[in-house]
Amino acid sequence: MMKFKQSKLAGRFATLGTTALVAASLALTPALASAAGKKKAPPRPTKEAAKAEPKKEEAKPAEAKPAEAPPTTTAAAIPAEPTDELILSGDNVVAVQPVFMVGAGAEAGWYDMAAYVSGAKVDKAASAEAAKAAIAAPKAIDKGFGFAGASSAKDVRVLHQAIALGFVPSLVIAGQAEKAKSLATGLVSSMDALSDLTPETQESAKLFAALGLADKKVKEELVGMIFARAMRAGMKGIADGPQRAHGYYVAGVWTGMSLLFASLGGKSETFADLAEPICVLLDKDAAFGGADRTIASHMRTIAAELKKERPAAATIRGEVEAILNVKPD
Amino acid sequence: MRLATHLAITGKRLHLPLLLVLVALTATACGGVDWRKQTVSLQAAGYQFQGTGIKPVGWNGSGVFIDEKTVVTNAHVAGKALKMIGKDDYGTKYTFRQILAYDGDLDIAVLKVQGTAEVDVLPLKERPDDPKDLRGNKVLAIGNTGGMGLSRYTGEVTNVVGKRSQENLVHSADISSGSSGGPLYDGDAGELYGINKSINLHLRQSFATPAWSVQKVVDKARRAGGTDLTEAFKPAEFPMQLDVKRSFCLEPGQKIIAPVQVVGTADLVAAVKFQTENTPLFFGLVRGNSLMSKGVISKDLLAAWTLPGSGVYAAILVNPPQATAKACGAVGVGRMAWEKRIH
């Protein structure tokens, strides 16, 4: 079994706690050393394989390595350990299940985004770029869509609808209420595009549109909460199906929202990191076609830009529009 | 309450020495609690998950006495600790063997101290009608920075964000690693505003669970009998909550990947349930381009990894290219739910 390399917490968001140290290097009191060390070392997992029924709440960890020799000749041909290359290569991936925001900082991570949106001042030039892209979105939605070998026209309509939904917060926070209301009104009338999504996911879409229709000033932290809800609903929707439609939904919402983060004028690593699980989905999952790899490439460019100290809004707008204009395979 | 306790003197003429004592007591009360006594540096001995095994480790954190028997800290400080000791700023040492409550979502744990501490009852801030009214209030944060003992930080509340059941208090006190679980007092240390839990390096802001949310966990702790740390965090059997469950069928050579975005530290749990027999699978855990763990499974598997920090990881299952049969099953990914163990 490979050991974890002890390292400082990576990324800009860090839990403060626990400076994790190996017991050997920590100046523990004798009592603690005893608890952490050999005398009272935690019990090893049993060798019995766990009843790992996913719905079961308590289970025992299994000893997985070395593998017990399976009883059939078929299985006996299997090596005791995979090569690193086999695990690391991106070949023959037939399914991808993204999981967003896991960890002690996960809840705070969503609020971190909300706080960022609340606290930062919108850059006017950047928000103008967001508005330009938002204007392009309805045109793309009206085109009819037919790209991507593995995707149905309806799936791609979900993508474009979701991108446009993601634009709404940019316009609202930039104070472009009329544009936001106009876009949201159009989106409400085309919600049938999302009819294949789970009810929870459709609800999250309605909340996005409602942001643009609100007469009162929107509390910025709502944006982070609605975004969190959309991503979680989409993640569960990918597992429950239909996979492609929900995959496009999370990709679209993230892409649309990227213009908001661009308009805030600083780097947004937690938001940017959300892109990678989605890109792996578009890149590798057999349910997605070649055109989707192009979309993943554009999303990665956006994510890289958002990790810069001063993201270029024009670059991000260009990438978003490129996604809206991706052609069929 | 503290004043009422100390000054319950009626119907007698006060003499000068007594008056002086009273004045001193009143001054102390108005100045708040003695944070040097109320706050503790914590050292924990426990373990990390490493797939299908564990590794003993130790770590540091902070905590605060809310009364003579009870310390509040972060769930991520108490989690997986089999023993904890604490020390206040005067050098008084404490031992904690029992946990009374654990809330992973609020990141709050309540510990019972062995014996009795000579500390004040610490009032917990009640939720204002509009918590955002707290913005601008001065705060005092105490934390066991780098495990070097208690450090003192000052700042002010900058925001309160999040839905009502899970609000976060954002403040500008520049706390750092080791401060997890430490108190965020008002500027005079007269009441507890929250429990520090994380920092945002980019925003240069700190996050705390507000005291009114902490109160809910404390209320639960008051009703609890207490669970030994060694029982609550016993690694041989662990409780889990799977966020995603998905079925799969893999032809020989095919893979399923679960890319996971991790924020902060995490105990990532992966469960595999086979639907086919005698169809062993390769598994791997990858961070970036680095392989952290790999192996072969031929039976149902439950594995957990304590991940060292934020980033994108990927859990991978492969039907070996040498296999001759399709492998089907279900995979789940999620987190530990220790709260199910604590009563």
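All values reported here derive from a predicted model rather than from experimental measurement.

1. Description of the overall build of chain A
Thought 1: Within chain A, the secondary structure is distributed over 14 helices and five strands.
Thought 2: When the 329 residues of chain A are sorted by exposure, 54% land in the buried category.
Thought 3: Counting only carbon and sulfur atoms, one obtains 54% of the accessible surface of chain A, whose full area is about 13500 Å².

2. Details of the packing of helix H6 (residues 153–173) of chain A against helix H7 (residues 177–189) of chain A
Describing two packed helices takes the angle between their axes plus the distance from one axis to the other.
Residue and element names in this part refer to chain A.
Thought 1: The geometry of H6 relative to H7 is characterised by a closest axis approach of 9 Å and an angle of 155° between their N-to-C directions. On the basis of the axis angle, H6 is roughly antiparallel to H7. For H6 against H7, the interelement crossing comes out left-handed. Residues Gln161, Ala164, Leu165, Phe167, Val168, Leu171 and Val172 of H6 touch H7, and the partners they reach there are Lys179, Ala180, Leu183 and Leu187.
Thought 2: Split by residue class, the contact of H6 with H7 holds nine nonpolar, one polar and one charged.

3. Quick word on the confidence of the model for chain B
All names here are of chain B.
Thought 1: Per-residue confidence for chain B averages 87 on the pLDDT scale, and 91% of its residues sit at or above 70.
Thought 2: Helix H1 (residues 2–6) is the least confidently modelled element of chain B, averaging 29 in pLDDT, while strand E3 (residues 70–73) averages 98, the highest of any element.
Thought 3: Segment residues 18–30: pLDDT under 50, and ten contacts once partners within four positions in sequence are set aside and those in other chains are kept.
Thought 4: For this predicted complex, the interface confidence comes out at an ipTM of 0.73, alongside a pTM of 0.74.

4. A word on the packing of helix H12 (residues 275–284) of chain A against helix H13 (residues 290–306) of chain A
Residues and elements named next belong to chain A.
Thought 1: Running from N to C, H12 and H13 point in directions that differ by 165°, and their axes come no closer than 8 Å. In terms of their interaxial angle, H12 and H13 are classed as roughly antiparallel. Both H12 and H13 take part in a crossing whose hand is left-handed. In this structure, H12 contributes Ala275, Glu276, Ile278, Cys279, Val280, Leu282 and Asp283 to the contact, and H13 contributes Asp292, Arg293, Ile295, Ala296, Met299, Arg300 and Ala303.
Thought 2: Tallied by class, the residues present in the contact of H12 with H13 amount to nine nonpolar, no polar and five charged.

5. A short note on the confidence of the model for chain A
Residues and elements named next belong to chain A.
Thought 1: Here chain A averages 72 in pLDDT, while 62% of its residues score no lower than 70.
Thought 2: Mean pLDDT across the elements of chain A bottoms out in strand E2 (residues 21–22) (28) and peaks in helix H8 (residues 199–213) (94).
Thought 3: Segment residues 1–57 is flagged for pLDDT under 50; beyond a separation of four residues in sequence, or across chains, it makes 181 contacts in the model.

6. Concerning the pattern of salt bridges
Residue and element names in this part refer to chain A.
Thought 1: Evaluation of the coordinates by the stated rule reveals 21 salt bridges over all chains.
Thought 2: Across the salt bridge formed by arginine 300 and glutamate 276, the nearest N and O atoms sit 2.9 Å from each other. One end of the pair, arginine 300, is in helix H13; the other, glutamate 276, is in helix H12, with 24 residues separating them in the sequence.
Thought 3: Its relative accessible area of 31% is what places arginine 300 among the partly exposed residues.
Thought 4: Under the relative-accessibility criterion, glutamate 276 is labelled partly exposed at 28%.

7. What about helix H9 (residues 220–240) of chain A?
Thought 1: Across its 21 residues, H9 of chain A extends 31 Å between first and last C-alpha, which sits within 8% of the 30 Å expected from 1.5 Å per residue.
Thought 2: Just downstream of H9 of chain A, glycine 241 of chain A is the residue with a positive phi angle, here 90°.

8. Some remarks on the state of the cysteines
Residue and element names in this part refer to chain B.
Thought 1: Applying the stated criterion across every chain yields a total of one disulfide over all chains.
Thought 2: A sulfur-sulfur distance of 1.8 Å marks the disulfide that ties cysteine 249 to cysteine 328. Between cysteine 249 and cysteine 328 the disulfide shows an S-S torsion of about 105°. By sign, it is right-handed. Remark: cysteine 328 occurs in strand E21 (residues 327–336) and cysteine 249 occurs in strand E14 (residues 238–250); sequence separation between them is 79 residues.

9. Some points on the pairing of strand E2 (residues 53–65) of chain B
All names here are of chain B.
Thought 1: With twelve of its 13 residues buried, E2 lies for the most part within the structure.
Thought 2: The pairing of strand E1 (residues 39–51) with E2 spans twelve bridges and is classified as antiparallel. Looking at the pairing, alanine 44 lines up with tryptophan 59 of E2.
Thought 3: Between E1 and E2, which pair antiparallel one after the other, the connecting turn spans one residue.
Thought 4: The pairing of E2 with E3 spans two bridges and is classified as antiparallel. When the sheet's bridge partners are listed, phenylalanine 65 is paired in E3 with valine 71.
Thought 5: As consecutive antiparallel partners, E2 and E3 are separated by four residues.

10. Some words on helix H14 (residues 313–324) of chain A
All names here are of chain A.
Thought 1: With twelve residues, H14 ought to run about 16 Å at 1.5 Å a step, and its terminal C-alpha atoms sit 16 Å apart, in line with that.
Thought 2: Those residues of H14 not exposed but buried are Ala313, Ile316, Arg317, Glu319, Val320, Ile323 and Leu324. Taken end-on, H14 shows its buried residues confined to a sector of 160°, consistent with a single buried face.

11. Overview of the nonpolar core
What tends to happen in soluble globular proteins is that the nonpolar side chains get buried as a cluster.
Thought 1: In terms of nonpolar packing, the biggest core is built from 116 residues, with Phe208, Tyr249, Trp254 and Met299 of chain A touching the most fellow members.
Thought 2: Looking at which element gives the most residues to this core, the answer is helix H10 (residues 243–263) of chain A, with twelve residues.
Thought 3: Residue contacts for tyrosine 249 of chain A: discarding those within four places in its chain leaves Val158, Ala162, Leu165, Leu194, Leu197, Thr201, Ser204, Ala205, Phe208 and Ala230 of chain A.
Thought 4: Counting residues in each nonpolar core, the second largest holds 38 residues, with Ala44, Val57, Met240 and Met336 of chain B among its members.

Conventions and cut-offs
Residues numbered from 1 in each chain as written. Chains lettered and ligands numbered in written order. Predicted model: local features only at pLDDT ≥ 70, side-chain atom pairs only at ≥ 80, totals over all residues. Heavy atoms only, no water. Helix = DSSP H or I, 4+ residues; strand = E, 2+ residues; numbered from the N terminus. Buried < 20%, exposed > 50% of the residue type's maximum accessible area, 1.4 Å probe, protein only. Areas by Shrake-Rupley, 256 points an atom, 1.4 Å probe, with all protein chains shown as cover. Axes fitted to C-alpha atoms, helices over the stretch in contact; angles between N-to-C directions. Parallel < 35°, antiparallel > 145°, perpendicular 65-115°, else oblique. Left-handed = near helix turned anticlockwise from the far one by under 90°. Contact = heavy atoms within 4.5 Å. Nonpolar A, V, L, I, M, F, W, Y, C, P; charged D, E, K, R; others polar. pLDDT = per-residue confidence, 0-100. Salt bridge = Lys/Arg side-chain N within 4 Å of Asp/Glu carboxyl O. Expected span 1.5 Å × (residues − 1). Disulfide = S-S within 2.5 Å. Pairing = 2+ DSSP bridges. Arc of directions from axis to C-beta. Core = buried A, V, L, I, M, F, W, Y, C linked by side-chain atoms within 4.5 Å.

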